[in-house]
Amino acid sequence: MNTKKFLAVAALASAIVLFCAFDLHQYLSLDALRQSQAQLSALHAQSPWTVALGFFVVYVAATALSFPGATILTLAGGAIFGLGWGLLLVSFASTIGATLAFLAARFLLRDWVQARFATRLAAIDKGVQRDGAFYLFGLRLIPVVPFFVINLAMGLTTMRARTFYWVSQLGMLAGTAVYVNAGTQLAQIQSPKDVVSPGLLGSFVLLGLFPLIARKMMDAVQRRKVYARWAASKPKSFDRNLIVIGGGAGGLVSAYIAAAVKAKVTLVEAHKMGGDCLNYGCVPSKALIRSAKLAHQMQHAKRYGLDSGLCKADEGYRLFSFKEIMQRIQAAIAAIEPHDSIERYTALGVEVLQGYAKIINPWTVEITLNADHAPPRVVRLTTRSIVIAAGARPFVPPLPGLDAVGYVTSDTLWERFAQLDEIPKRLVVLGGGPIGCELAQSFARLGSAVTQVEMAPRLMTREDEDVSELVTASLRADGVQVLTAHKALRCDGTDPDKGNGNGKTKVLVVEHAGTELRIEFDQLLCAVGRSARLSGYGLEELGIPTHKTVETNEYLQTIYPNIFAAGDVAGPYQFTHTAAHQAWYAAVNALFGDFKKFTVDYSVIPWATFTDPEVARVGLNEQEAKEHGIAYELTHYGMNDLDRAIADSETQGFVKVLTVPGKDKILGVTIVGTHAGDLLAEYVLAMKHGLGLNKILGTIHTYPTLSEANKYAAGEWKRAHQPLVLLEWVRKFHNWRRH
């Protein structure tokens, strides 16, 4: 606690002590007010300005310090000053005092609360920014809600003090007027409860609900305004309950849910069912990674006590066939394809159309069927709701000369490389994110001379520095030339495969510390990220806002409440599992949102990068906690201490857990090591259901398994929080027992 906060707390504590020591509460009772009313009125007649100022200061102080008795002071305002002046004094004094209490709570408590409840506060703050004034106005109109509670609670949010002041001034005016007016007839009041009758209280409750009703009305007006230019296009009946655009993870799950609840749903996919994950991303890359890891283990067989001479790829012996590896990858895709096939989804009750969809108006989708469909080639369907799940595509940087030399992306490399007889001898990987790191390591392990170029000062910048360092060291150990802080400038040369040259050497020119460096290559892989597919299906014509992704609210609705977005096209995450997660909310809200809408929950999102060792994370890491000013305790457990990791010769990595200071509540976990993505599941479950490290420590884990790392990490936390005083008494107890 800094000096200013210490002094503020000391002053507040002193005020409370004085209030109690001098029994000042006795002066804030109805009997005391009656007994002193005549004296106060006479004093007011003699010195009106002095009494008014004194009353104002006392009221402000009592409200700011949240002392009991504000109701009595309000009655006193009416009894002494009458309705007009009493209402004026009390209205401003109560609002100023409430604002001071609001600011005091923010100054003294917000940082502490933010450090411990950051995730929950983030959601509350978002709601306050959007609807805070409406909710505060409603609460101020309902006298049954203690105003001092509202003052303190709002101080913990991000609401502006100015907004809090003027909303409080208006919101408390009606209740203040009732109590001040009652004070003008003080003799008839036996108890503060007599001021507000059940009928009047009911009226206040209705007034309190009015802002919420007004908000709903405003939303209805806004919807009417958005739909106004399409009013003539709205059909009287609909062909479908739901049309889903895109057959990737988000689209498949949306369509599946709709069919499961017996809605009539059409899924439109222009290319391959299963989307990027099945055909270009998760499945092929993980198949490649597995082959590369086995090749790496064979080349380092001596680590496992085997004759490494049998596994060397020298003296003309070929360790593997690159063509067969690429064929195995295609076989893996083919084996999984039935899970996402047209046949399966048709059997589930989904109508699947292969073609390009375009939203004509909020209720009509035009589908241009692929050439293999029988006429008609274009169909139009009307629908109550639409889910956009168009996914994302690799981002290709605008490098001069890039098109001339040729390149592949994480989407196109599988088809292009499958045509090669040999693995690319010299491969440049542009990008140091998860995709770039996974592919760079895999191709290096399979024999390519890989150079990885990253403009940022380190790889995988979203992870902690120690994670980046470990991954970088692992890639370099596998032969990858990692060039961080190197900016790609241009490409020179031509691509002989395009018939536009005579095989001239292809070069990537990069800049580092003011010096240019030329990197020769045979193939260049662009892996600098992915961008949402935002064009070609009607967003522009409908005026749906986009900024890198389709803009949606917390229900995944666009500006048109019946049009939703899910998956990579909606962000903020580009993972298959988050696309499926969002798809549930999009589909349910699209089908049942008129009765109940669900806010999408991003509180516990796991992800993994499948380098070797793997990197898996859920919740906060250290750099995010520091960026947001969130206090945490760090628990670290090294994999080199784990029996199973030692037996498997897989000791690289660690488990790193962030917890609330002094508590076992988990804020985030990062695991680096073999099968880290699998090990993370226990922490995801714990965070989702509010389980702490003590629960993990108390759970039996099979020996010897990698999962014991989670238990031992919890044990490290427990060891750091031993009850030392109690243990000292236990030691003395045992000493006594020996004598």
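Residues numbered from 1 in each chain as written. Predicted model: local features only at pLDDT ≥ 70, side-chain atom pairs only at ≥ 80, totals over all residues. Heavy atoms only, no water.

### Quick word on the overall build of the protein
For step 1, the next point in the chain: Helix and strand counts for the protein come out as 26 helices and 23 strands.
For step 2, the next point in the chain: The burial tally for the protein puts 47% of its 739 residues in the buried class.
For step 3, the next point in the chain: Contacts spanning at least 24 positions in sequence make up 66% of the contacts within the protein whose residues lie at least 6 apart. (Helix = DSSP H or I, 4+ residues; strand = E, 2+ residues; numbered from the N terminus. Buried < 20%, exposed > 50% of the residue type's maximum accessible area, 1.4 Å probe, protein only. Contact = heavy atoms within 4.5 Å.)

### Quick word on the packing of helix α12 (residues 282–299) against helix α17 (residues 434–445)
For step 1, the next point in the chain: The N-to-C vectors of α12 and α17 enclose an angle of 40°; their axes lie 8 Å apart at closest approach. Judged by the angle between their axes, α12 and α17 are oblique. As for how α12 packs across α17, the hand of that crossing is left-handed. On the side of α12, the interface is formed by Ser285, Lys286, Leu288, Ile289, Ala292, Lys293, Ala295, His296 and Gln299, while α17 contributes Glu438, Leu439, Ser442, Phe443 and Arg445.
For step 2, the next point in the chain: Residue classes in the contact of α12 with α17 are distributed as 6 nonpolar, 4 polar and 4 charged. (Axes fitted to C-alpha atoms, helices over the stretch in contact; angles between N-to-C directions. Parallel < 35°, antiparallel > 145°, perpendicular 65-115°, else oblique. Left-handed = near helix turned anticlockwise from the far one by under 90°. Nonpolar A, V, L, I, M, F, W, Y, C, P; charged D, E, K, R; others polar.)

### Things to note about the sheet that holds strand β7 (residues 408–409)
For step 1, the next point in the chain: Judged by pairing direction, the sheet is parallel, and its 5 strands sit side by side in the order β7-β14-β8-β9-β10 without closing on themselves. Each edge of the sheet is formed by a strand with only one pairing partner; in this case those strands are β7 and β10 (481–483).
For step 2, the next point in the chain: Where strand β8 (residues 426–430) meets strand β9 (residues 449–453), 5 bridges bridge the pair, whose relative direction is parallel. Residue pairing across strands places Leu430 opposite Val453, the latter belonging to β9. (Pairing = 2+ DSSP bridges.)

### Re the environment of Ala485
For step 1, the next point in the chain: Here Ala485 shows up in the loop between β10 and β11 (487–492).
For step 2, the next point in the chain: Taking the relative accessible area as the measure of exposure, Ala485 reaches 33% and is therefore partly exposed.
For step 3, the next point in the chain: In this structure the C-alpha to C-alpha distance between Ala485 and Arg458, which are 27 residues apart in sequence, comes to 7.1 Å.
For step 4, the next point in the chain: In contact with Ala485, not counting residues within four places along its chain, are Glu454, Met455, Ala456, Pro457, Glu511 and His512.

### Some details on the packing of aromatic side chains
For step 1, the next point in the chain: What the rule picks out here adds up to 16 aromatic pairs.
For step 2, the next point in the chain: Look at Trp49 and Trp85: their rings are 6.3 Å apart centre to centre, the planes differ by 85°, and that puts the pair in the edge-to-face class. A residue pair is termed long-range when its members are at least 10 positions apart, and Trp49 in helix α3 (residues 48–64) and Trp85 in helix α4 (residues 70–116) qualify at 36 residues. Trp85 shares its class with Trp49; the two are exposed. (Phe/Tyr/Trp six-rings, centres within 6.5 Å; stacked < 30°, edge-to-face > 60°.)

### Here we look at the pattern of salt bridges
For step 1, the next point in the chain: For the coordinates displayed, the defined rule picks out 26 salt bridges.
For step 2, the next point in the chain: A salt bridge links Asp276 to Arg530; the shortest N-O distance between them is 2.7 Å. Taken together, the positions of Asp276 in helix α11 (residues 275–279) and Arg530 in strand β15 (residues 530–532) put the pair 254 residues apart, joining distant regions of the chain. There is no split in this pair, since Asp276 and Arg530 are both buried.
For step 3, the next point in the chain: The salt bridge partner of Glu716 is Arg719, with a shortest N-O separation of 2.8 Å. With Glu716 and Arg719 both in helix α25 (residues 708–720) and 3 residues apart, the pair spans about one turn of that helix.
For step 4, the next point in the chain: Look at the salt bridges and you will find they share partners, linking Asp276, Asp411, Arg530 and Arg533 into a network. (Salt bridge = Lys/Arg side-chain N within 4 Å of Asp/Glu carboxyl O.)

### A short note on a nonpolar patch on the surface
For step 1, the next point in the chain: Taken together, Trp49, Trp85, Leu88 and Phe92 make up a surface patch of nonpolar side chains, about 510 Å² in accessible area.
For step 2, the next point in the chain: In terms of residue count, the dominant contributor to the nonpolar patch is α4 (3 residues).
For step 3, the next point in the chain: Taking the relative accessible area as the measure of exposure, Trp49 reaches 69% and is therefore exposed. (Patch = residues over 30% accessible without salt bridge, like charges linked within 9 Å, V, L, I, M, F, W, Y side chains within 5 Å. Areas by Shrake-Rupley, 256 points an atom, 1.4 Å probe, with all protein chains shown as cover.)

### Overview of helix α6 (residues 147–155)
For step 1, the next point in the chain: Buried within α6 we find Ile150, Asn151, Met154 and Gly155. All buried residues of α6 lie within an arc of 125° about the axis, which places them on one face of the element. (Arc of directions from axis to C-beta.)

### Let's talk about the side chain of Lys656
For step 1, the next point in the chain: Tracing the backbone through its elements, the reader meets Lys656 in strand β22 (residues 654–659).
For step 2, the next point in the chain: Within the structure, the side chain of Lys656 is placed 2.9 Å from the side chain of Asp466, a separation counted as a polar contact.
For step 3, the next point in the chain: When sequence neighbours within four positions are dropped, the list of residues in contact with Lys656 reads Asp464, Asp466, Glu622, Leu634, Thr635, His636, Gly668, Val669 and Thr670. (Polar contact = N/O pair within 3.5 Å; in protein donor to acceptor, adjacent residues only side chain to side chain.)

### Observations regarding the confidence of the model for the protein
Low pLDDT marks regions whose predicted coordinates should not be analysed in detail.
For step 1, the next point in the chain: Mean pLDDT over the protein stands at 86; residues scoring 70 or higher make up 84%.
For step 2, the next point in the chain: Note on residues 313–317: pLDDT is under 50 here. Beyond four places in sequence and across chains, it has 3 contacts. (pLDDT = per-residue confidence, 0-100.)

### With respect to the packing of helix α10 (residues 249–260) against helix α20 (residues 576–592)
For step 1, the next point in the chain: Taken N-terminus to C-terminus, the directions of α10 and α20 make an angle of 40°; their axes are 8 Å apart at the nearest point. Like other packed secondary-structure pairs, α10 and α20 cross with a definite hand, here right-handed. Across the interface between the two elements, Ala249, Gly250, Val253, Ser254, Ile257 and Ala258 from α10 touch Thr576, Ala579, Ala580, Ala583, Trp584, Ala587, Val588 and Leu591 from α20.
For step 2, the next point in the chain: Split by residue class, the contact of α10 with α20 holds 11 nonpolar, 3 polar and no charged.

### Details of the sheet that holds strand β12 (residues 506–512)
For step 1, the next point in the chain: Spatially, β11-β12-β13 is the arrangement adopted by the 3 strands of the open sheet, whose pairing is antiparallel. Looking at which strands have only one partner, the edges of the open sheet turn out to be β11 and β13 (515–521). Neighbour-to-neighbour, the strand axes of the sheet open up by a mean angle of 25°, direction not taken into account.

### Comments concerning the pairing of β13
For step 1, the next point in the chain: Looking at chain direction, β12 and β13 are connected through 7 bridges and run antiparallel. In the sheet register, Leu508 faces β13, and the bridge partner there is Ile519.
For step 2, the next point in the chain: Once β12 ends, the chain turns through 2 residues before running back antiparallel as β13, passing Ala513 with a positive phi of about 55°.

### Re the environment of Trp584
For step 1, the next point in the chain: Position of Trp584 relative to the elements: it lies in helix α20.
For step 2, the next point in the chain: Taking C-alpha positions, Trp584 is 9.6 Å from Ala255, a pair spaced 329 residues apart along the chain.
For step 3, the next point in the chain: The residues touching Trp584, leaving out its near neighbours within four places in the chain, are Val253, Ile257 and Phe598.

### Quick look at unusual backbone geometry
For step 1, the next point in the chain: Here the amide bond leading from Gly571 into Pro572 is cis, since omega sits at 0°, within 30 degrees of zero.
For step 2, the next point in the chain: Along the chain, Pro572 turns up in the loop between β18 (563–565) and α20.
For step 3, the next point in the chain: That bond from Tyr703 to Pro704 is cis: its omega, -10°, falls within 30 degrees of zero.
For step 4, the next point in the chain: Turning to its location among the elements, Pro704 is positioned in the loop between α24 (693–697) and α25.
For step 5, the next point in the chain: A positive phi angle is found at Lys262, which is not glycine, with a value near 70°.
For step 6, the next point in the chain: Structurally, the position occupied by Lys262 is in the loop between α10 and β2 (265–269).

### Observations regarding the state of the cysteines
Linking two cysteines covalently through their sulfur atoms gives a disulfide.
For step 1, the next point in the chain: By the definition in use, this model includes 0 disulfides.
For step 2, the next point in the chain: Distance from the sulfur of Cys491, which forms no disulfide, to the nearest cysteine sulfur (Cys526) is 7.7 Å. (Disulfide = S-S within 2.5 Å.)

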